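Take a look at the letters that make up each chain.
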Amino acid sequence: MAEETEAPPMAPLAHSKDFWRLLRDAVVFGVTLAFGGLAFLFVVENGDFWSDPTSDGWWGGRWWWVAVTAGAGLVVGLIRRVLTMPARTPGLVDELATEYVEPRSVPGAVAVSAVSLVGGASLGPEAALGAMGGGLGTHVGQRRTDPDMQKATMLTGTAGAYGGLLVSPIVATLLVLELAKPDRRRLTHVVFGSLVAATVAFAIFYPIAGTTFLGLYDVPSYTFEDWHILAGVGLGLAAALGALVLAVITGVVRRLAAPLTTRTVVRPVVGGAVFGLLAVALPLTLFTGSEQLETVVASGSRLGAGFLLAVVLAKMVAFAVCSETGFIGGPFFPMLFIGGTYGYAIHLLVPDVPLALAFSCVFAALPGAVVAAPFSLVLLAALMMSLGALETVPIAVAVLTAYIAVTGSGVLVALAKRRKGDPEFGSRRGVR
């Protein structure tokens, strides 16, 4: 037998020119994307002046909101038509999985996302920021001849975009690593490049913005007990059920919206009118959900479990409508709202389960049921609620349980195959 040839030993990282170039780019990314992110979030956060944040009960909205949301849909449709954007654009998870963002698509995605979020769409800002960072990283990375370094540069840019948005540069780095799962040949470069880009962005973002999501949700602390681990399993299963309901609702909305796929302008106008009507009935369904979840934390016991569950279902419908009718935004912020509100409702239904336990577990486990980013979600929940190390254990158990029950079991794959196998569904969509 021929002797196996050993791979040449890797040169020390500090001796790699590619490594130092990546760190140089990471610093530039961090500075550029910090200011880009601040500008984008300034527009979005100051564009919601038209809503009434104190309206949190049944029919607390205003009927003229429907004109605003439908008008936002009209602008979205016109931008899409002028820029000839495709009916469907890659989402954040898809972009990180392929480690590529088409740079030419970034201006349109950012513009549509800004109009969507200002118009009250139930989506998050992470899609636009990820497009900015990923597009910049892809553009710079294309100058390199090594495909591994091209992808590492793209992921570094994405991490820089999230460095200021999330509670810590570590969370931004972890999220990129868990969603992209970079090849081990570029893993070290991605880790250090992402951490540098995210830290530089955070160092600029925080002094200017003056705040982060750290300790945003002031839930009462609780004393950890062994049975809370078992409770994490139950809360994870509850989150899995919620994720399945969201998947079914999204599938139904996708099917209903299919005839409008080629109607570039009409489709978002109809979608805007629909989620505007939902907002009239339940104002908490508007926007990204981060500020609305603060209202839930402050007033959940007054609002009651039944009302919170109604908000959860309405938010699911609003999120699905926005996602399927041409608006652009991220899924994480709405799903965190859904999870946190659902967890609060569970606490009200089962008072023996501490509020912080139910809230934090379902908050992280509902998105964790469909996205393989357990470390990011556990750390995000702990930091956003100022929880201790022991309190992260049931959160981790809940996230693991939810993921196994939904994605790990193949339930989502089965639902997707069932939809694709429906002849009526396929003919009505006209695509895929």
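Predicted model only: the values in this text are computed from it and were never measured.

Analysis parameters
Each residue is numbered by its place in its chain's sequence as written, counting from 1. For a predicted model such as this one, the threshold for reporting local features is a pLDDT of at least 70, and the threshold for listing and counting side-chain atom pairs is 80 or more; totals across whole chains, interfaces and linings nevertheless cover every residue. With hydrogens and water set aside, each side-chain value is computed from the structure's full complement of heavy atoms. Helix and strand definitions here come from DSSP, where helices need a minimum of 4 consecutive H or I residues and strands a minimum of 2 consecutive E residues; each element is numbered from the N-terminal end. To sort residues, take the accessible area from a 1.4 Å probe on protein chains only and compare it with the maximum for the residue type: under 20% means buried, over 50% means exposed, and anything in between is partly exposed. Only Phe, Tyr and Trp rings are paired, with Trp represented by its six-membered ring, and only when their centres lie within 6.5 Å; those with planes under 30 degrees apart are stacked, over 60 edge-to-face, the remainder tilted. We call two residues in contact whenever any of their non-hydrogen atoms come within 4.5 Å of each other.

Caption draft 1: Structural view of unusual backbone geometry. If you check the backbone angles, Thr84 has positive phi at about 45° while not being a glycine. By secondary structure assignment, the location of Thr84 is in the loop between α2 (65-82) and α3 (92-98). A residue is classified by how much of its surface remains accessible, and Thr84, at 66% relative accessible area, is exposed. Within the chain, Phe287 stands out as a residue other than glycine whose phi angle is a positive 65°. Structurally, Phe287 is set in the loop between α10 (266-281) and α11 (290-303). For Phe287, a relative accessible area of 7% translates into the label buried.

Caption draft 2: Structural context of the packing of aromatic side chains. Tallied over the full model, the rule gives ten aromatic pairs. For the pair Trp50 and Phe287, a centre-to-centre distance of 5.5 Å together with 50° between the ring planes defines the contact as tilted. Pair noted here: Trp50 is in the loop between α1 (17-46) and α2 and Phe287 is in the loop between α10 and α11, with a separation of 237 residues, a long-range link. There is no split in this pair, since Trp50 and Phe287 are both buried. Judged by centre distance (5.7 Å) and plane angle (5°), the rings of Phe202 and Tyr206 are stacked.

Caption draft 3: Fine view of the environment of Gly330. With respect to the helices and strands, Gly330 occurs in the loop between α12 (305-324) and α13 (332-349). Looking at Gly330, the relative accessible area reads 1%, which means it is buried. Residues in contact with Gly330, not counting those within four places in the same chain, are Leu123, Gly124, Glu126, Ala127 and Phe319.

Caption draft 4: Spotlight on the environment of Met149. For Met149, the location among the structural elements is in helix α6 (residues 147-162). On the basis of relative accessibility, which here comes to 4%, the residue Met149 falls in the buried class. Between the C-alpha atoms of Met149 and Leu22, which are 127 residues apart in sequence, the distance is 8.2 Å.

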